[in-house]
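If you want the building blocks of each chain, they are given just below.
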Amino acid sequence: MTILILVGMAVLVGVLLLYVFELGRSRRLLLKAGNARKALRGSEELFRSIMQNVHAFILLIDRDFVVTRTNYYDITKARKPEGRLARVGDLLRCNNALSAEGGCGTHELCGSCPIRKKIEETFRAKSSFTDLEAILDIRDRRGEVAECDTYVSGEYMEIDDKEGMVITVHDITRLKKAEAELNRAREKAENADRSKSAFLANMSHEIRTPLNAIVGFSELLASASTEEEKTQFLEIVHSNNELLQQLIADILDLSKIEAGTLEFTFSEVDVNQLMFDIEQLFRMRLEDKSAVIQIIRETPPDECVMYTDRNRLQQVVSNFMTNAVKFTDEGSITFGYNRCAEGLYFYVKDTGSGIPEDKVNHIFERFVRVEQNKKGTGLGLAICEMIIRKLGGKIGVESEYGKGSTFWFTLPINGRQIKEQGTEIDGKTNL
Ligand code: ADP
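Residues numbered from 1 in each chain as written. Predicted model: local features only at pLDDT ≥ 70, side-chain atom pairs only at ≥ 80, totals over all residues. Heavy atoms only, no water.

## Points about the domain arrangement of the protein chain
When its domains are assigned, the protein chain resolves into domain 1 (51–171), domain 2 (174–260) and domain 3 (262–431). Using C-alpha coordinates to define each centre, domain 2 is positioned 22 Å away from domain 3. Tallying the contact residues gives 17 residues for domain 2 and 16 residues for domain 3. Between domain 2 and domain 3 the total buried area reaches about 1600 Å² when both faces are included, carbon and sulfur atoms providing 67% of it. Together, Leu-254, Ile-257 and Gly-260 form the three largest contributors to the area buried by domain 2 at its contact with domain 3, with a combined 36%. (Domains from an automatic or database assignment. Contact = heavy atoms within 4.5 Å. Buried area = accessible area lost by both parts, 1.4 Å probe.)

## Observations regarding the UniProt feature "transmembrane region" (unreviewed entry) in the protein chain
Mapped onto this numbering, the UniProt entry annotates "transmembrane region" (unreviewed entry) at residues 6–24. In residues 6–24, helix accounts for 100% and strand for 0%; the two terminal C-alpha atoms are 27 Å from one another. (UniProt positions renumbered as here; feature names shortened; annotations may be inferred. Helix = DSSP H or I, 4+ residues; strand = E, 2+ residues; numbered from the N terminus.)

## So, the sheet that holds strand β13 (residues 404–411)
Within a beta sheet, neighbouring strands are joined by backbone hydrogen bonds and run either parallel or antiparallel to one another. Ordered in space as β8-β10-β11-β13-β12, the 5 strands form an open sheet in which the pairing is mixed. Of all strands in the sheet, those with a lone pairing partner are β8 (293–298) and β12 (395–400), marking the two edges. Each strand axis lies, on average, 15 degrees off the axis of its neighbour in the sheet, ignoring direction. Here 7 bridges tie strand β11 (residues 343–350) to β13, and the two strands are oriented antiparallel to one another. Bridge pairing in β13 places Tyr-345 opposite Thr-410. (Pairing = 2+ DSSP bridges. Axes fitted to C-alpha atoms, helices over the stretch in contact; angles between N-to-C directions.)

## Details of helix α7 (residues 227–259)
With 33 residues, α7 should cover 48 Å at 1.5 Å per step; its first-to-last C-alpha distance of 48 Å lies within 8% of that length. In this structure, the buried residues of α7 make contact with α6 (173–222), α9 (310–326) and α11 (380–390). (Expected span 1.5 Å × (residues − 1).)

## A word on the site of the ligand
The ligand sits among 22 residues. The nearest are Asn-323, Asp-350, Val-370, Thr-377 and Leu-381. Thr-377 places a polar main-chain atom, nitrogen or oxygen, 2.8 Å from an oxygen atom of the ligand. About the coverage of the ligand: the protein hides 96% of its 530 Å² of free accessible area. Secondary-structure elements contributing two or more residues to the shell around the ligand are α9, α11 and β13. Among the elements that line the shell around the ligand, the one with the most residues is α9, at 4 residues. Looking at the shell around the ligand residue by residue, the class counts come to 9 nonpolar, 9 polar and 4 charged. (Near = heavy atom within 4 Å. Polar contact = N/O pair within 3.5 Å; in protein donor to acceptor, adjacent residues only side chain to side chain. Areas by Shrake-Rupley, 256 points an atom, 1.4 Å probe, with all protein chains shown as cover. Nonpolar A, V, L, I, M, F, W, Y, C, P; charged D, E, K, R; others polar.)

So, in structure tokens, the structure goes:
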């Protein structure tokens, strides 16, 4: 009996111990499971936060291109369709998917879709692809749809024994734009660099010509044997001196205009008075040509006041007039202005040598000269072109070789807007 009681108690103790042990084990298991759940929740939270904040669309898709999970709706704030899951092309707004009934994968052109092809290939190879460039109509955070340049990447994976893929779509539109702008800026800088070098080479050549003449004939002057020779050499030195001075003045003007430091002084200009003054000046300058060249001023009888830089305006008309006198042996020089859509149209028409057809389009470029035997720098028209452009007008020429030319430019009557675009320092404007 006692033995039976002892055995019974031992069994009871054993069962009790087993119970306590099992209790401990299951508590440990519960704790583990709790920790695992916590960790799962944590990583789920992390995943969700990454999905919501990343600057890219992430699409988790199955073998049929159905999007099982995505941050698309978080980013675009678009409404999730009820009752059906979208496919890749529906979300990335492939035009075919949008226009064809049934959406992505059901249109006949889906077979040639490069993204679909790449995804298919990647599923078959169980691999990945990166940075496939594609143009897609994408919704932005404000819900606006715009055509975007994108990089699409994909990574094959198996989840719960099911094949899937993570697709990432990066909008690189801004990057592309910046890249294009950078390329344009680089090209511009390279062109400017090239033309600066060409300008420098040309300039040194042009300066050397009168300089050599001055040095050479000054030396000859010392050894000139007759008065006649002396006068001739002096004349050459004098005219090359003038040319050199003009060249340097032109070069300074050009570089000032380019650097935006040429000053413009805006004021009200009585155009008829200005044209009258120019006429008087050139009548005096005609000298020996006055018998063979007639100067005709054509100005409307009524007063015309414009708002611009008087000196620059005079500089351009005078440059045209100087050239007309220089390149006309006989006939007439007619100059004047009319009103036109842009404001005022100024012209200087001559019956001179004209410009050959192949040169006429280059005549406003620096150092372009048709006749090398006439004095000149080849910079005057380039300066005129820049001045007129700065003052908000257009410039041009019509010419017939052997018959004459008409140089013209337009200017706004009211240049106040142009002035406002510049920087004003001490009443002068840098444009
Ligand atoms: P420059 O007269 O000092 O050479 P420009 O820039 O004023 O420089 O003129 C450039 C060239 O354009 C001249 O050398 C000349 O060949 C041509 N040209 C300019 N005006 C006329 C004109 N009225 N008739 C014929 N050719 C002209």
